[in-house]
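Close look at the chain arrangement
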Amino acid sequence: MTTQALPSALAAIVDDFQALSEPERLQLLLEFSQGLPDLPERLKDHPELLEQVVECQSPLFLTIETEPGGGPSGTVRLYFKAPAEAPTTRGFAGVLHEGLDGLSAEDILSVPDDMPELLGLTRAITPLRMRGMTAMLGRIKRKVAASSAVRS
């Protein structure tokens, strides 16, 4: 699969990863972990509004919100909660946040399920951790699809 099938922001991130050696890719993943935004105040004290991605080795929670605009289905906003002690999980969340936040539901739903493999981390990261990122993407797409169905 090429990055042509990806939304432009996510394609740029994948290109950045692919241009690096494996050790440099891990460093870039750590940088994404540091750039993951905190939850907004309205979500911090309401864990019931977040869904845990149980496939992740570290506790990761996420939710989406759809705002009007950005096409017929609106603009999707992504929110993640991951502990600082879990830089790999936070890094994956950071990649997905930077690559998908603010896109339309259609754009997010068009992302191939195996997109995490394009980052070139499969030899540097355990299969369990890779499964966690694939599960994060799957959970996001499932929530977006459900939200789109309700809106239409």
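About the cut-offs
Residues numbered from 1 in each chain as written. Predicted model: local features only at pLDDT ≥ 70, side-chain atom pairs only at ≥ 80, totals over all residues. Heavy atoms only, no water. Helix = DSSP H or I, 4+ residues; strand = E, 2+ residues; numbered from the N terminus. Rg over C-alpha atoms; globule rule 2.2 N^0.38 Å. Buried < 20%, exposed > 50% of the residue type's maximum accessible area, 1.4 Å probe, protein only. Contact = heavy atoms within 4.5 Å. Pairing = 2+ DSSP bridges. Phe/Tyr/Trp six-rings, centres within 6.5 Å; stacked < 30°, edge-to-face > 60°. Lys NZ or Arg CZ within 6 Å of the ring centre and 35° of its normal.

Right, let's get into the overall build of the protein chain. On a plain count of helices and strands, the protein chain comes out with 6 helices and 3 strands. The N-to-C order of helical and strand elements in the protein chain reads α-α-α-β-β-β-α-α-α. Scaling as 2.2 N^0.38, a compact globule of 152 residues should have a C-alpha radius of gyration of about 15 Å, and the protein chain matches this with 15 Å. Along the first, second and third principal axes, the C-alpha atoms of the protein chain reach 45 × 35 × 20 Å. Looking at the protein chain as a whole, 48% of its 152 residues are labelled buried. Sequence-distant contacts in the protein chain: of pairs separated by 6 or more residues, those separated by 24 or more amount to 66%.

The next subject is the pairing of strand E3 (residues 75–81). Summarising burial for E3: 5 of the 7 residues are buried, a large majority. In terms of strand pairing, strand E2 (residues 61–67) meets E3 through 7 bridges, oriented antiparallel. Across the sheet, the residue bridging to Ile64 is Leu78, located in E3.

Within this structure, the stated rule accounts for 1 aromatic pair. Ring centres 5.9 Å apart and planes at 20° place the aromatic pair Phe17 and Phe32 in the stacked group. In this pair, Phe17 sits in helix H1 (residues 8–18) while Phe32 sits in helix H2 (residues 22–35), placing the two residues 15 residues apart along the sequence. Residue classification places Phe17 among the buried positions, given a relative accessible area of 0%. Classification of Phe32 by relative accessible area gives buried; the value is 10%. Here Lys81 stacks its cationic end above the ring of Phe61, 6.0 Å away from the centre of that ring.

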